2 protein chains.
Amino acid sequence: MGAMEREAKSRGGRPWSFDREKAVETAMRLFWRHGYEGVSVGDLTKAIGIAPPSLYAAFGSKAGLYGEVLDRYEENFGSFDVASVRSAASLAEAVRALMQGAVEAVTHPDRERGCMISSGMAACHPGHAPLARDAAARRNVMRERIAEALQPFAGPGVVDRLARHLAAVLQGISIQARDGATPAELQEIVEDVVSGVAARFPEGVG
Amino acid sequence: MGAMEREAKSRGGRPWSFDREKAVETAMRLFWRHGYEGVSVGDLTKAIGIAPPSLYAAFGSKAGLYGEVLDRYEENFGSFDVASVRSAASLAEAVRALMQGAVEAVTHPDRERGCMISSGMAACHPGHAPLARDAAARRNVMRERIAEALQPFAGPGVVDRLARHLAAVLQGISIQARDGATPAELQEIVEDVVSGVAARFPEGVG
DNA sequence: AATGATGAATAGCGATCACTAAACAACAAG
DNA sequence: CTTGTTGTTTAGTGATCGCTATTCATCATT
């Protein structure tokens, strides 16, 4: 049984001179703002405060660090409040809860604007195609998570189709947030979508 | 009056060895697929079939060529069929015409998928910030054009707000088209948006 | 043909890219 | 201590980046 998880048992040797978590966080800030191709290894090492070999020893490659950043991003910012969505009183209210959370996330004053997953790695150098595929896969997962969260409110056909619709709106909201749209303006989009859903699915619970 | 347009009057000297229009088209294909930072000057000169100095003589810089590509892109693909939108029978039908055209554009089998403006230059190296600002400005113009096309169907408040909503959906549709969504799937998004608009603005003409 | 203007080709600029070999430093275990 | 392990440091690797000085080729004009 036991999941043989050996606690950070010292393996001997020189300890890390930098905080790995903080390094990922620093890299996230850079990648979030400038994208994968807009950040060089030199930018990363300078911001983290280490030399290139340390970065490669810890993360393998620039792409490896980027992957770890995306994992961390999804853990911290990529997931909406599923509970508040599923406990909504109607499909329209569930959509509102979901989208309001997203608007707050992409316009949070203390963070970079936009969503790393929604509008990240849209186009890139052919050599980075694996990263682009990974980004597309993460967008797909995001859409599936939206569908799951809406499960209680309608049948699978309606839910999957609506999830794609909402994913599109959220991706557009991410871009407009980057472009400087105000939270109020983005909230208007949310209200319009909610109104449309409410009109088409009046009060019903699947 | 007179728009002093002097026809391609030979100014003496060696003539261009390459077709400038075709060069822009070739560059467009590359930038469209791989983004600005994903295409090198070497890629461009190799694809066009010229040496770097010729590219710089003709376009000034990589960024200059990119700008010319975007101008050309907007002329050819960036504008929807305004006439068919404005001649629609209702606001909902106008929205359908507008969005259907966009879906066909971003999933055209003979062209690169997605929209260069909608999902281009979302994040980039700080040194390319002017290009990112230009891209954001073009997205803004796109939104204003949508609003203009919808003018006949509602008051300015409704139209501007709806234009932002539609712009977001179209930006998301561009990303999903790149990610491999089928035209039918994207068309479902359109129908959902149209249904919502129809429900909220029944048959009315502003 | 001679002249002047213009584009094209060769070759290479300095800078930066992602990445690493080799030597040193800091730990645990013996 | 010595030995082994591991991370850090210095100093670079070759490749590629966007771009250009120079020279040559091709045109219109004289």
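Residues numbered from 1 in each chain as written. Chains lettered and ligands numbered in written order. Predicted model: local features only at pLDDT ≥ 70, side-chain atom pairs only at ≥ 80, totals over all residues.

Right, let's get into the environment of G114 of chain B. Residue and element names in this part refer to chain B. Looking at the element boundaries, G114 is found in the loop between α6 (91-106) and α7 (129-150). Each C-alpha atom, one on G114 and one on D179, is 8.8 Å from the other, the two residues being 65 residues apart in sequence. Non-local contacts of G114, meaning those with residues more than four positions away in its chain, are made with V106, S119, S174, I175, A177 and R178. (Helix = DSSP H or I, 4+ residues; strand = E, 2+ residues; numbered from the N terminus. Contact = placed C-beta atoms within 7 Å.)

Right, let's talk about the protein's contact with DNA strand C for a bit. Around DNA strand C, a shell composed of 26 residues is seen, among which G12 and S40 of chain A together with G13, R14 and S54 of chain B lie nearest. For the surface near DNA strand C, the secondary structure elements donating two or more residues are α2 (41-48) and α3 (52-59) of chain A together with α3 (52-59) of chain B. Looking at which element gives the most residues to the surface near DNA strand C, the answer is α3 of chain B, with 4 residues. Looking at side-chain class alone, the surface near DNA strand C contains 12 nonpolar, 10 polar and 4 charged residues. (Near = placed C-beta within 6 Å. Nonpolar A, V, L, I, M, F, W, Y, C, P; charged D, E, K, R; others polar.)

This brings us to the nonpolar core. By size, the foremost hydrophobic cluster in this structure holds 127 residues, and its most contacted members are L98 of chain A together with L98 and L150 of chain B. Ignoring anything within four residues of it in the chain, the contact list for L150 of chain B reads L91, A94, V159, L162 and A163 of chain B. (Core = buried A, V, L, I, M, F, W, Y, C linked by C-beta atoms within 7 Å. Buried ≥ 20, exposed ≤ 12 C-beta atoms within 10 Å, placed from the backbone.)

This paragraph deals with the interface of chain A and chain B. For interface size, the figure often reported is the accessible area lost on association. Taken residue by residue, the interface counts 36 residues in chain A and 36 residues in chain B. Residue assignment for the side of chain A that touches chain B shows that the elements contributing at least two residues are α1 (20-34), α7 (129-150), α8 (156-178) and α9 (183-200) of chain A. It is α8 of chain A that provides the largest number of residues to the side of chain A that touches chain B, a total of 13 residues. Partitioned by chemical class, the residues of the side of chain A that touches chain B number 14 nonpolar, 11 polar and 11 charged.

With that settled, the discussion passes to the protein's contact with DNA strand D. Around DNA strand D sit 26 residues, and of these G13, P53 and S54 of chain A together with R14 and S40 of chain B come closest. Listed by contribution, the elements that provide at least two residues to the surface near DNA strand D are α3 of chain A together with α2 (41-48) and α3 of chain B. Here the surface near DNA strand D takes 4 residues from α3 of chain A, the largest share from any one element. Across the surface near DNA strand D, the residue classes break down as 12 nonpolar, 10 polar and 4 charged.

Right, let's get into the domain arrangement of chain A. Residue and element names in this part refer to chain A. The assigned domain composition of chain A is domain 1 (20-74) and domain 2 (79-200). When each unit is reduced to the centre of its C-alpha atoms, the spacing between domain 1 and domain 2 is 26 Å. Contacts between domain 1 and domain 2 engage 12 residues on the former and 11 residues on the latter. Listing elements by their share of the side of domain 1 that touches domain 2, those giving two or more residues are α1 and α4 (62-78). The element best represented in the side of domain 1 that touches domain 2 is α4, accounting for 5 residues. In the side of domain 1 that touches domain 2, the residues fall into 7 nonpolar, 1 polar and 4 charged. (Domains from an automatic or database assignment.)

As a further point, take the relation of the copies chain A and chain B. Superposing chain A onto chain B requires a rotation of 180° together with a translation of 0.0 Å along the rotation axis, leaving an RMSD of 0.1 Å. Read as a symmetry element, the transformation amounts to a two-fold axis. Relative to the rotation axis, the closest C-alpha in chain A is found at G196 of chain A, a distance of 1.8 Å. Here 100% of the interface residues in chain A have copies in chain B that are interface residues too; the copies meet face to matching face. (Least-squares fit on C-alpha atoms with pLDDT ≥ 70 in both.)

Further remarks concern the environment of A23 of chain A. All names here are of chain A. Considering the arrangement of structural elements, one finds A23 in helix α1. C-beta crowding within 10 Å serves as the criterion here: with 24 such atoms nearby, A23 is assigned to the buried category. For the pair A23 and E191, spaced 168 residues apart in the sequence, the C-alpha separation amounts to 38 Å. Not counting the four nearest positions on each side in its chain, A23 is found in contact with F18 and I48.

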